Amino acid sequence: MLSAHIQDQINRELIKYPADQRQSAVMAALRFVQDEKGWISNDDMTDIAAFLGMPHMAVYEVATFYHMYNLKPMGRHTLTVCTNLSCTLCGALDTVSYIENKLGIGIGEVTADGKFGLREGECMGACIDAPLLTINNKKLCGRMTPQKIDAMLAELDKS
Amino acid sequence: MLKIEIDGKMVETRKGSMVIEAAQQAGIYIPHFCYHKKLSIAANCRMCLVEVEKAPKPLPACATPATDGMKVHTHSEMAVKAQKGVMEFLLINHPLDCPICDQGGECQLQDLAVGYGGGESRYQEGKRVVMHKDIGALVSTEEMTRCIHCTRCVRFGQEIAGVMELGMAFRGENAEIMSFVNSTVDSELSGNMIDLCPVGALTSKPFRYTARSWELSRRKSVSPHDGLGSNLAVHTKDNKVARVVPIENEALNECWLSDKDRFSYEGLNAPERLAKPMLKQDGKWLEVEWQAALEYVANGLRQIKNSAGAEHVGALATPHSTLEELALLQKLMRGMGSNNVDFRLRQSDFSADGKRYGVPNLGMSVADLNTRDRFLLVGSFLRKDHPLLAQRIRAAVKNGAQASIVHSASDELLMPVAHTAIVAPGELVNELAQVLKALATIKQTALSAEAQSATVSVVVAPGAQAIAQSLSSGERVAVLLGNFAQQHPQATQLALLAANIASLSNASFGYLGEAANSVGGYVAGAVPKDGGLNAAQMLAQPRKAYLLLNVEAELDTHDAQQAMAAMQGADMVVAMSAYKHHATQYADVLLPIAPFSETSGTFINTEGRVQSFKGAVRPLGEARPAWKVLRVLGNLLDVPGFEYETSEAVRDEMLTGYSSARLNNALNGVALQPISVATHNGLQRVSDVPIYSSDALVRRAASLQKTRDAQTPVVSMHSSELAKLGVQSGDTVKVTQGNASVRLHVSANDRQPVGTARVAAGHAATAALGAMFGTINVERA
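Keep in mind the model is a prediction, meaning the values are calculated, not measured.

J.: Explain the overall build of chain B to me, please; I cannot follow it from the model alone.
T.: Regarding its fold elements, chain B presents 22 helices and 32 strands. Expected size for 781 residues packed as a compact globule is a radius of gyration near 28 Å; at 28 Å, chain B falls within 12% of this value. Overall size of chain B, expressed as C-alpha extent along the three principal axes, is 90 × 70 × 60 Å. Burial statistics for chain B: of 781 residues in total, 55% are counted as buried. When contacts within chain B are restricted to residue pairs at least 6 apart in sequence, long-range pairs at least 24 apart make up 73% of them.

This is the structure we're talking about:
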């Protein structure tokens, strides 16, 4: 079941769309679930499908298409490193391997304590600050160096 | 209309049509994969790129609307270069397994690769691999790696089948067609995805690796199942039916087939097929020669006729029998002096017999269904009983029509339903009377004096009012009675009310024909006349001898219990069947007859269309077409007029003077009974005939029997009824009717009306029970 909070959020989102186009809110609905739970399970997708009156396969299509949706638990803080061309030219792969070594996990994995998860991302539209990463898809961090990564991880470790 | 020029040819096409359609009109072929005339436009395969003058780059012909004066080149240098480029992309990841691919020889990709593909690939890297998934017993995704992502299967689900069971998950080169988390594809139209797939990614599970397409002979045939009469191409190899695919007929099945029509052929090769005539002697079954078996039958019938009288012989046939078979059966019976012949085995109300103006039928053409703007569907398990008619109504609803339902079960129809009135079977008449009364008020038309007095104590409820409102606002209304309404104990009253509703709303009124020959049976005269007994009477007043044509007494009749008692008490039962079935328990003779694929014959579909077909393969073993068996029986019994050389001669005799004028749903001289609120003690049975239990052939189609629709029926009841019994969903309950009971699982369904229990008929698990309607007892097991 979707929590009352998520249902409220989706209902507010639905105001933006015509009454017979409820499925327009699917991306937002998926986001609300991920914000609350950290990831989106198949059951959540079924619930969203029922709530919006659309086929569950259609929800699944959307959830699997966009890489920002986590389809498995990705830790409390999901770090997504852009590995598209501009970032890679500016050393994104070094960023990835530095984080991998530091946290002892590979891409798509979560630390044993469930604090950090690491993902590979697509272009974040701020190539001027390459290499880029995001924290939980919300906070964008640019020009990542080992020092900045250490500081970021230490800060996150506290929360 | 606008004019466009394609490859130098001037084409006139309607406004809004796409270049690819215009080209088709002109007979110019544009290569394509994702475009399909019955599906929405996706334009994602890019194979149909053409050059349009004044456009800077090639345009997809399937998604480019034709405009006046447009000049299109489909074979110019630019177009061909674009098409070759697309083909190279498509082949990058496509495996080169054509030699073992089921689609080989009938593959659009293979054909177009010959035309547009390179002889050698420039691509040296590894190809992508997609793991297969199990999506059910009918459609195989074993080689999903072959998929080119045209999304035809996805669009078919969304737009035609009404349920999106397949989708394209993930993105880019990881994109793949799959169902939601390993769920199965359960649509009753799923087989069409196999036809739609332009490559070998979706293949037929039952057909897999049994033949190459070029080894098959193709024979035209007609579906022996539902009343639609879908046109089939029966593909045979080594005198065996290897598969069945549709033949396009825009007036009937369009380019689709229901899974029942497509996969039932497995039953033709089932191990239970009867290959030799058999006689029971001293309780043991012996294989005998035809001569001996037929003489035994003839002598037996003659003896009973001479000792007890011909009226002690009864003949029952299923409405899946051909016109010729039904015609000769009734002729044989009447020649012997008995009028006891019937094919309406699941019907229980025969009060309209002798009072019909003509043959009950759909009352409109099948294609006409798409053009209706209001539907009233009375007592129909529409989707499972008539999968492709449901598809047409779904299409009409999509175009703005409103469908309203009056029924005793609320099954998902996969379309938006305007209004529903789901009531217990005993209240169905009252509900329909409410609709009539409400409609008369809205239309400000006085009912006939008879209808007026019959409905005087009827109180209109809001549900019926809403339905009447919907009907009154339509211009092209259709009122249709389904199988459930026709099998109802008050079927004639329902029909009268429906006809009254139809005339008030200026609607067409008709019956959704239960089986391939529900109309043909009347035309063949296989109904009692002049004091003959109908199907119900023949079983209620047991006869000394029964001739059964295709009938499985415990599965094909309205009251299985009564039918079995009649069979067991009879002196002689002759079972003409393609299968060695339960008749071994009660019959004396089993005569192996040919199913539809092994005989010539004729079906008259629900709209009255006569369709003849020829046998696709030779009869199995010593099985013989039933019309020949009946002809010989006629000769042995010295019945005059049995000198037919061919089945066509039988047909022509039966169809002399047949025209659409004989189709008429009107009744003459049946009165509407006064309608009051029905009171009923105990639970009322609501029974459907599950889609894959409807006739002998489909019951033996192995793959269909593995589908979800073929699962053992459960008792479905309102949760308040379950609470009364103190049982929970999933528990086993004891279901009793008459002197027998069966144990079934129970499931809560709050859409089922209170006071009813839904228990399917026509299935071995419930065959011990009694009538399809009436009181049924459910208790804790």
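Structure shown, so let's carry the discussion forward.
J.: Where do I start with the sheet that holds strand β11 (residues 231-237) of chain B in this structure?
T.: Across a sheet, strands are paired by hydrogen bonds formed along the backbone, either parallel or antiparallel in direction. All names here are of chain B. Overall, antiparallel pairing links the three strands, which are arranged β10-β11-β12 in an open sheet. The open sheet has two edge strands, β10 (217-222) and β12 (240-246), and neither has a second partner. The mean inter-strand angle of the sheet, taken between neighbouring strand axes irrespective of direction, is 30°. Bridge count between β10 and β11: six bridges; the pairing is antiparallel. Its bridge partner being in β11, Val 222 is matched across the sheet by Asn 231.

J.: Help me understand the packing of helix α1 (residues 4-14) of chain A against helix α2 (residues 26-37) of chain A, please; the structure alone is not making it clear to me.
T.: Any two packed helices are characterised by how steeply their axes cross, that is the angle between the axes, and by the distance between the axes. Residue and element names in this part refer to chain A. Look at α1 against α2: their axes get within 10 Å of each other, and the N-to-C directions meet at 155°. Regarding the angle of α1 to α2, the classification is roughly antiparallel. The handedness of the crossing between α1 and α2 is right-handed. Together, His 5, Ile 6, Gln 9, Ile 10 and Glu 13 of α1 and Ala 28, Ala 29, Phe 32, Val 33 and Glu 36 of α2 make up the contact between the two elements. Taken together, the residues that form the contact of α1 with α2 break down as six nonpolar, two polar and two charged.

J.: Any chance you could explain the confidence of the model for chain B here in plain terms?
T.: Close inspection of predicted coordinates is inappropriate for parts of the model with low pLDDT. Confidence in the prediction of chain B, expressed as mean pLDDT, is 96, and 100% of residues score 70 or more. In the predicted assembly, ipTM is 0.91 and pTM is 0.95.

J.: Is there a simple way to think about the nonpolar core in this case?
T.: One broad trend across soluble globular proteins is that nonpolar side chains are buried collectively. Counting residues in hydrophobic clusters, the biggest one holds 262 residues, and the most contacted among them are Leu 329, Ala 498 and Leu 548 of chain B. The element that contributes the greatest number of residues to this core is helix α15 (residues 491-504) of chain B, accounting for ten residues. For Leu 548 of chain B, the contacting residues outside a window of four places in its chain are Leu 316, Ala 553, Val 573, Val 574, Ala 575, Met 576 and Ala 583 of chain B. Counting 15 residues, the second-largest nonpolar core is a separate cluster that includes Val 81, Phe 116, Ala 130 and Leu 133 of chain A.

J.: Whenever I open this one, helix α11 (residues 428-443) of chain B confuses me. Can you help?
T.: An α-helix turns once every 3.6 residues. As a result, residues three or four positions apart point the same way. Residues and elements named next belong to chain B. Relative to the 22 Å expected for 16 residues at 1.5 Å per residue, α11 spans 22 Å between its end C-alpha atoms, a close match to the ideal helical length. A large share of α11 lies buried, amounting to 13 of its 16 residues. Downstream of α11 by one or two residues, Gln 444 has phi in the positive range, about 55°.

J.: For this particular structure, what's the right way to read the sheet that holds strand β13 (residues 278-281) of chain B?
T.: All names here are of chain B. The mixed open sheet is built from seven strands, whose spatial order is β14-β13-β24-β23-β22-β15-β16. With one partner strand each, in any of the chains shown, β14 (284-287) and β16 (341-342) form the two edges of the open sheet. Relative to β16, strand β15 (residues 313-317) is paired through two bridges, and the arrangement is parallel. If you follow Ala 315 over to β16, its bridge partner there is Val 341. Each of β13, β15, β22 (545-549), β23 (572-577) and β24 (589-592) is contacted by helix α7 (residues 290-307), which is oriented at about 130° to β24, the strand it contacts most.

J.: I would appreciate a short explanation of helix α8 (residues 323-336) of chain B in the present structure.
T.: Residues and elements named next belong to chain B. The terminal C-alpha atoms of α8 lie 20 Å apart, and with 14 residues this matches the ideal 20 Å at 1.5 Å per residue to within 8%. The buried count for α8 comes to twelve of 14 residues, which makes it a mostly enclosed element. Of the residues flanking the end of α8, it is Gly 337, one or two places downstream, whose phi is positive at about 100°.

J.: I keep staring at the interface of chain B and chain A and nothing clicks. Help me out?
T.: Where interface size is quoted, it is often the accessible area lost as the parts come together. In this complex, chain B contributes twelve residues to the contact, which on the side of chain A involves nine residues. Top element by residues in the side of chain B that touches chain A is strand β7 (residues 166-169) of chain B. It accounts for four residues. In terms of residue class, the side of chain B that touches chain A is built from eight nonpolar, two polar and two charged.

J.: Is there a simple way to explain unusual backbone geometry in this structure?
T.: Generally, phi is negative for residues other than glycine and the peptide bonds are trans, each holding for most cases. The omega torsion across Ala 130 of chain A and Pro 131 of chain A is -5°, close enough to zero to call that bond cis. Within the secondary structure, Pro 131 of chain A is located in the loop between β2 (116-121) and β3 (133-135). Phi is positive for His 149 of chain B, which is not a glycine, with a value near 60°. Tracing the backbone shows His 149 of chain B in the loop between β6 (139-140) and α4 (152-161). We classify His 149 of chain B as partly exposed; it has 18 C-beta atoms within 10 Å. Positive phi is not limited to glycine here, since Thr 151 of chain B has a value of about 65°. Within the fold, Thr 151 of chain B resides in the loop between β6 and α4. The class of Thr 151 of chain B is buried, set by 23 C-beta atoms lying within 10 Å.

J.: How should the packing of α2 of chain A against helix α3 (residues 42-52) of chain A be read in this particular structure?
T.: Residue and element names in this part refer to chain A. Two elements in contact, α2 and α3, have axes whose closest approach is 11 Å; the angle formed by their N-to-C orientations is 140°. Here α2 is positioned oblique relative to α3, judged by the angle of their axes. Handedness of the crossing formed by α2 with α3: right-handed. Note on element contacts: α3 touches α2 through Asp 44, Ile 48 and Leu 52, opposite Val 26, Ala 29, Leu 30 and Val 33. For the contact of α2 with α3, the residue count by class is six nonpolar, no polar and one charged.

Each value, and the rule that gives it
Residues numbered from 1 in each chain as written. Chains lettered and ligands numbered in written order. Predicted model: local features only at pLDDT ≥ 70, side-chain atom pairs only at ≥ 80, totals over all residues. Helix = DSSP H or I, 4+ residues; strand = E, 2+ residues; numbered from the N terminus. Rg over C-alpha atoms; globule rule 2.2 N^0.38 Å. Buried ≥ 20, exposed ≤ 12 C-beta atoms within 10 Å, placed from the backbone. Contact = placed C-beta atoms within 7 Å. Pairing = 2+ DSSP bridges. Axes fitted to C-alpha atoms, helices over the stretch in contact; angles between N-to-C directions. Parallel < 35°, antiparallel > 145°, perpendicular 65-115°, else oblique. Left-handed = near helix turned anticlockwise from the far one by under 90°. Nonpolar A, V, L, I, M, F, W, Y, C, P; charged D, E, K, R; others polar. pLDDT = per-residue confidence, 0-100. Core = buried A, V, L, I, M, F, W, Y, C linked by C-beta atoms within 7 Å. Expected span 1.5 Å × (residues − 1).

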